[in-house]
Amino acid sequence: MSHPPTRAEARRLLTAKRLLRQDLTRYGLALFGISGLINILALTGAIYMMQVYDRALTSGSLNTLLALSILALGLYLFQGGFDAIRAQIMVRIGARLDKRLAPLAHRVAVDMPRFGFSTTEALERGRNVDTLRGFLTSGAPPALFDLPWMPVFLLFVYALHPLLGAITLCGAVVLSILTVVAEIRSRDLTQSSQQAMVQRNITAESNARAADALVSMGLVDRAVRRFETANAEALALQTRGADVNATISSISRVLRMILQSALLGVGAFLTIGGHMSAGAIMAVSVAAGRALAPIDQVIGNWRGILGARNAWVQLRETLGAMPEERSYLTLPKPQASLKVEGLTVASPANGRVLLSDISFELSAGQALAVIGPSGGGKSTLLRALAGVWPALRGTVRFDGTALNHWEPARMGELVGYLPQEVNLFNASILDNIARLSEQRDSAAIHAASAAAGVHGMISSMPEGYDTQVGSHGSALSAGQRQRIGLARALYGQPFVVMLDEPNSALDAMGEKALNETIRDIRARGGIVIVVAHRPNVLSAVDMLAIVQGGRMIAFGPRDEVLGEKAGRVVVPMEAASGLAAGVA
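Procedures and definitions
Residues numbered from 1 in each chain as written. Predicted model: local features only at pLDDT ≥ 70, side-chain atom pairs only at ≥ 80, totals over all residues. Heavy atoms only, no water. UniProt positions renumbered as here; feature names shortened; annotations may be inferred. Helix = DSSP H or I, 4+ residues; strand = E, 2+ residues; numbered from the N terminus. Buried < 20%, exposed > 50% of the residue type's maximum accessible area, 1.4 Å probe, protein only. Contact = heavy atoms within 4.5 Å. Areas by Shrake-Rupley, 256 points an atom, 1.4 Å probe, with all protein chains shown as cover. Pairing = 2+ DSSP bridges. Axes fitted to C-alpha atoms, helices over the stretch in contact; angles between N-to-C directions. Parallel < 35°, antiparallel > 145°, perpendicular 65-115°, else oblique. Nonpolar A, V, L, I, M, F, W, Y, C, P; charged D, E, K, R; others polar. Salt bridge = Lys/Arg side-chain N within 4 Å of Asp/Glu carboxyl O. Expected span 1.5 Å × (residues − 1). Bend = angle between axes of the 7 residues up to and from the residue.

- The chain carries the name ATP-binding cassette subfamily C protein in an unreviewed UniProt entry, which gives Cereibacter changlensis as its organism.
- Per UniProt, the comment on the chain under Subcellular location (unreviewed entry) is "Cell membrane".

Okay, structure coming up:
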């Protein structure tokens, strides 16, 4: 019952993939051509040095020196201009990639926690886009585009003297071998280091979310030690990878210096023997250094290249996880029934079956309370009915139509969902109740807040509906978060309202308002399913289900189920006496 992207999202995905391929082709060819001009113009220094030594100095002509200098200056300016254009193109490619892919990667990241991934792992998919954008604006791409133009400099050196060309070629081969060694030694370390960093961040996130418990029970030191262990493992892998990269980079630099000195020495020998001019020695040194510079830069940026490659692989997998566009029949808002047929649900995290073969049916105007021991499958049932967790087997139908046949963008018309742990959006109360809708329906917002009994509470706040709730609703109390979450679930009068322990943080007045809300939903022809551990909510429902050990062991009218089953099931609501008292 996983939700595929909406039509608009699917179109954006297909468009992004197509435009990305076009960008890589079009800009790749343009960058290759510009890099060719840059590398050809990079011969300016070598030719200038040769002409100054062999022509200007020997002739003693200041006019010749001035003309050569003006020509060289103009060529350098052209080279710098093309270099700036190439850098700007890379920046814009990175920005276009981020603009197109970041929202799609975030779409998958939002879905990932439903399938057992941690929040840190989910957000890592979005960071892959940042990694790629950072790589495109680094020094690595220019070096990669310069590599194919190395033969220009090798041919130039070879033209001055074949022996010097052979020495330069050998140096290029040795540096290329070092690049291969860097790939072999760094590939696994980079992946392991990235995984270790994710685990470290998961530990940090877990500690931050449990801050209250850690501080109140004096567990901060233990939590920090767990983080320290995870951090040490990540640092060890990063250090090993950095050591490999630094060692190979150092060897590369030393070999370049040795090679340039060797070229100068051999060039001097050839000049003394009358086989070369003095200017040619300087030209060879400049051209050889320029020929080997891209390889040296690639080796120096190798960790970044590997990181970008891993990010691209993960991003490609992320986009591949999004199903292709599908068409949906525009159906009227359901108003008759909710039917569950043989529903079986497994944990997305480990695949363990949590709920087996659940079947029942509710009609408009009915309210069902789901009770049973902790860990029995009550919350799992609501997650499956709301489409949060996919079903292993079975079907959920609204007015006879399976849940996965409804367009995801219309899920708000079908379901209002209040999870056990209420997480509010980092926005205003108004935006939370309106479900981040850009078109704020004031009447619907007021109706939802009034139905949840929170209009008065919100109005008493200094900023009213514009009050910012903070990250995870931290600016509000638990009871306030729960009641605002209830108003969000009621917004737009969805057909089925699912409430997971909605009274866990409510006082007596809040519970009374909750019961009134349930009665109001029933009166307008909606369906309510509420998971309850406290008995007071039972007075507002007419149907009762008992879920225990992943199975529904009882379902039917409330009074009948209470009379038949309450005494024979472990229910954390003071068993039969408590249940009966709740009904009264």
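Quick word on the overall build of the chain
- Each helix and strand in the chain was counted, giving 20 helices and 10 strands.
- For the chain, the residues scored as buried account for 46% of the 584 residues in total.
- Sequence-distant contacts in the chain: of pairs separated by 6 or more residues, those separated by 24 or more amount to 76%.
- Accessible area for the chain stands at about 27700 Å²; split by element, carbon and sulfur atoms hold 59% of it.

A closer look at the sheet that holds strand 1 (residues 337–346)
- Read from one edge to the other, the open sheet built from four strands follows the order 2-1-4-5, with strand pairing classed as antiparallel. Two strands lie at the open edges of the sheet, namely strand 2 (353–363) and strand 5 (401–402), each paired on one side alone.

A look at the packing of helix 2 (residues 44–59) against helix 3 (residues 62–111)
- Running from N to C, helix 2 and helix 3 cross one another at 180°; their axes reach a closest spacing of 10 Å. Between helix 2 and helix 3, the angle falls in the class roughly antiparallel. Counting all contacts with helix 2, which are made through Thr-44, Gly-45, Tyr-48, Gln-51, Val-52, Arg-55 and Ala-56, the residues of helix 3 involved are Thr-64, Leu-65, Leu-68, Ser-69, Ala-72, Leu-75 and Tyr-76.
- Here the residues of the contact of helix 2 with helix 3 are counted per class, giving eight nonpolar, five polar and one charged.

A few points about the pattern of salt bridges
- The final tally for this structure, using the stated rule, is 11 salt bridges.
- Close ionic contact of Arg-290 with Asp-146 constitutes a salt bridge, the shortest N to O distance being 4.0 Å. Of the two residues, Arg-290 sits in helix 10 (residues 278–300) while Asp-146 sits in helix 5 (residues 140–146), which places them 144 residues apart along the sequence.
- Through salt bridges with shared partners, one network takes in Asp-83, Arg-86, Asp-146 and Arg-290.

Topic: helix 10
- Spanning 23 residues, helix 10 covers 33 Å between terminal C-alpha atoms, matching the ideal 33 Å at 1.5 Å per step.
- Maximal helix bending in helix 10 amounts to about 35°, located at Ala-293; proline Pro-294 follows within four positions.
- The element helix 10 is largely enclosed, with a buried count of 17 among its 23 residues.

Some remarks on helix 7 (residues 162–209)
- A rise of 1.5 Å per residue sets the reference length of helix 7, with its 48 residues, at 70 Å; its end C-alpha atoms lie 68 Å apart and thus fit the reference within 8%.
- Remark: the principal bend of helix 7, roughly 40°, maps to Ser-186.

Quick word on the pairing of strand 10 (residues 551–557)
- Bridge count for strand 9 (residues 543–548) against strand 10 is six bridges, and the pairing is antiparallel. Residue pairing for strand 10: Leu-544 is matched across the bridge by Gly-556.
- Counting the residues that bridge the hairpin from strand 9 to strand 10 gives two residues, and of these Gly-549 lies at a positive phi of roughly 60°.

Notes on unusual backbone geometry
- In this structure, Arg-435 takes a positive phi of about 60° despite not being glycine.
- By the element assignment, Arg-435 lies in the loop between helix 14 (429–433) and helix 15 (442–451).
- A residue is classified by how much of its surface remains accessible, and Arg-435, at 26% relative accessible area, is partly exposed.
- Phi is positive for Glu-501, which is not a glycine, with a value near 50°.

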